[in-house]
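# Structural overview for review
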Amino acid sequence: MIRQFSAEVTSNVRLSDGVFMLVLSPMSEVLRPCAGQFYMVGQGCGIPGKKPLFDPLLKRPFSCMDYNDGLLHFMIKLRGRFTAILGNCTPGTVLELIGPIGNAFPAVGAGERLIVVAGGIGIASVAMLLRDYPEATLFYGVRSANDLFVDQLPPVARLHVTSDDGSAGDKGNVLEHLRQYIASIVETTEGGVIKVYACGPYAMTEQLCRMFASKGGDLCKVNGWTVEAFVSVEERMACGVAACLGCTVSTVNGYRLVCKDGPVFSVNDLIPVAT
Amino acid sequence: MNLEVSVAGLRLKNPVMTASGTFGYGLEYAGFFDLSRLGAVVVKGLSVNPSKGNPPPRIWETSCGMLNSIGLQNIGIPAFVRDKLPVLRQYDTRIIANFFGNTIAEFVEGAAMLNDATGVDALELNVSCPNKDAAWSAFGTNPVVLAEVVARVRQATSLPLIVKLSPNVTDITEMARVAVDAGADALSLINTLTGMAIDIESIRPRLSNIVGGLSGPAIKPVALRMLWQVHKVLPSVPLIGMGGIMTADDAIEFILAGAVAVAVGTANFVNPQATLHVIGGIEQYMSRHNIADINDIVGGVIC
């Protein structure tokens, strides 16, 4: 099935000053996305009879937050001109998409525990995991209560919210709370495998590598437990189909493409670059 | 209606090809449409040895355009010939291998390897990537060096030889003449314009390579002007026009300016089926204007 399609905006709701939920109805049959996959979203330019728009030029990658009743949900943070255009799309607007793209989060094995970690808008990249794994634990870190969108999520078995300013959940860094949580598990229960699936700002990815990488990570093997962490990363890309070679990330295996080899990478493979 | 054209003896079913570096090795787009619809597929620039390219970030969008500093990342000619070419050959289209070297000897070696590969229909000599260092840029900007590399490559292959010209020169007609005199059968123009963008908050360049190649609709007027200039001084040399072609209207402008064929580049990123829209739009234009043969309007602009 061709991965290029047009989709009509069915609703576009402002969730806060800086975040909106864009819901699209594909106008042809599409593939079902897996948790962690994303779409290139662009202004309609291949639509017959419609004058193409070339500014902004390129499509932009957005994680699929949910796929439900045939509708694609995108939770998007206002960042620049393109997201502003998407934020102002009214129902009926036709957009052009390519997707689903990328490798998705690996399946969680029977008996393995899943901890989902989101930093800010990173929740959009991991939310589908909560539907696939209702028993998962979610660590959700935000700057303040305004950035918290728990009501947009599927039901969560165990939710730990942290905020930088203490206006929601526990005050502090989400990864510090994650660290304490894992410490308590490995001390009180018999060994096994914990999967940590995460998406957040770059600093969070860096920190996750430091915590969980099998080389040098202080939490990757403790007390009979193994922690395997995977992170969804982003990079600027032009095409989304491994043709432009723009979306490279540095890995232990050399440069890899976010659109083809990612966006989900094991922390063992990523080489964080100091910013 | 005839859309068939001939570039340096190579028959193309229509004048629309893909611009090197924007279409991978072709197969990346095979899931979006039948590649047999294309006049030709021009693959990502190849070198004798694999090349890992530049560090990220490599892409920055500008007004109606984009900067890239991929840095000629490629899998190398042997891997292309072994893994990609046999699959690509199954499509009923022409395969043009864009290639480069870091030295004249490497250019020659690459040309010889591709010449011997089964299924390569023509070579496109890349002397114009803006992401290489200043010394390398001499291949595309210094007429003496250009003449030498074209002449040496000419001796290494019997395939049609297309030279892709850099716009980053004072007088592109001089470079065009030098390339043809040294043995080029056809010319592609233009490659990207060297550009730059700065993040004023971090006060650092947007690209890790600092500079990159500007492509997209922003460069189309420059590309069109250069193609027209070259066609005026070298009317019998087949020219492949490229630079910001997004639509059939853009392609027809290039044909009217003197291009016998056109290449769609950045538009492939925006819309994987852009080439099909261009082909369809050219057909519509021809029927609207009662043009029986596309060759009849090559260079037909009235100035």
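These notes cover the structure that comes with them. Along every chain, residues carry numbers that run from 1 in the direction the sequence is written. Written order determines the labels here, with chains lettered from A and ligands numbered from 1. Totals for whole chains, interfaces and linings use all residues, but because this is a predicted model, local features are given only for residues with pLDDT of at least 70 and pairs of side-chain atoms are given and counted only at 80 or more. Hydrogens and water molecules were not included; the side-chain quantities draw on all heavy atoms of the structure.

### Observations regarding the sheet that holds strand β6 (residues 71-77) of chain A
Residue and element names in this part refer to chain A. Strand order in the open sheet made by the seven strands is β4-β3-β7-β1-β2-β6-β5, with antiparallel pairing throughout. Each having just a single partner strand, β4 (60-63) and β5 (66-68) make up the two edges of the open sheet. With strand direction ignored, the average angle separating the axes of adjacent strands in the sheet is 40°. Sheet topology note: the strand β3 (residues 38-43)/strand β7 (residues 94-101) ladder contains five bridges and is antiparallel. Counterpart to Val-41 in the pairing with β7 is Leu-97. A pair of strands is considered paired only if DSSP assigns at least 2 bridges between the two. Helix numbering and strand numbering both begin at the N terminus, where a helix is a DSSP run of H or I of at least 4 residues and a strand a DSSP run of E of at least 2. Between N-to-C directions, angles span 0 to 180 degrees; the directions come from axes that are lines fitted to C-alpha atoms, helices contributing only their stretch in contact.

### Quick notes on the side chain of Thr-192 of chain B
Residues and elements named next belong to chain B. Along the chain, Thr-192 falls in the loop between β10 (186-189) and β11 (193-196). For every residue, the accessible area (1.4 Å probe, protein chains only) is compared with the maximum for its type, and the residue is labelled buried under 20%, exposed over 50%, or partly exposed between those bounds. Here Thr-192 falls in the buried class, since its relative accessible area comes to 11%. Among the polar contacts made by the side chain of Thr-192, one reaches the side chain of Asn-191 at a distance of 3.4 Å. Filtering out sequence-adjacent residues up to four positions away, Thr-192 remains in contact with Asn-68, Pro-130, Pro-167, Asn-168, Gly-213, Leu-214 and Ser-215. Polar contacts, as used here, are pairs of N or O atoms within 3.5 Å; protein pairs need one atom able to donate a hydrogen and one able to accept it. Residues neighboring in sequence count only if both atoms are side-chain atoms. Residue contacts are defined here by distance: any two heavy atoms, one from each residue, within 4.5 Å place the two residues in contact.

### Section: the interface of chain B and chain A
Each partner contributes residues to the interface: chain B has 35 residues there, and chain A has 28 residues. Of the roughly 2,600 Å² buried where chain B meets chain A, counting both sides, 65% is carbon and sulfur surface. We define buried area as the total accessible area lost by two parts upon association, computed with a 1.4 Å probe and summed across both. If you sort the residues of chain B by the area they bury against chain A, Phe-32, Glu-61 and Val-270 of chain B come out on top, with a joint share of 23%. Take a side-chain nitrogen of Lys or Arg and a carboxyl oxygen of Asp or Glu: if they are within 4 Å of each other, that pair is a salt bridge. Viewed at the interface, chain A and chain B are joined by one salt bridge. There are eight residue pairs in polar contact (both at pLDDT 80 or more) connecting chain B and chain A. Any residue that is not Ala, Val, Leu, Ile, Met, Phe, Trp, Tyr, Cys, Pro, Asp, Glu, Lys or Arg is counted as polar, Gly included; the first ten are nonpolar and the last four charged. Of the residues contributing to the side of chain B that touches chain A, the split by class is 16 nonpolar, 14 polar and five charged.

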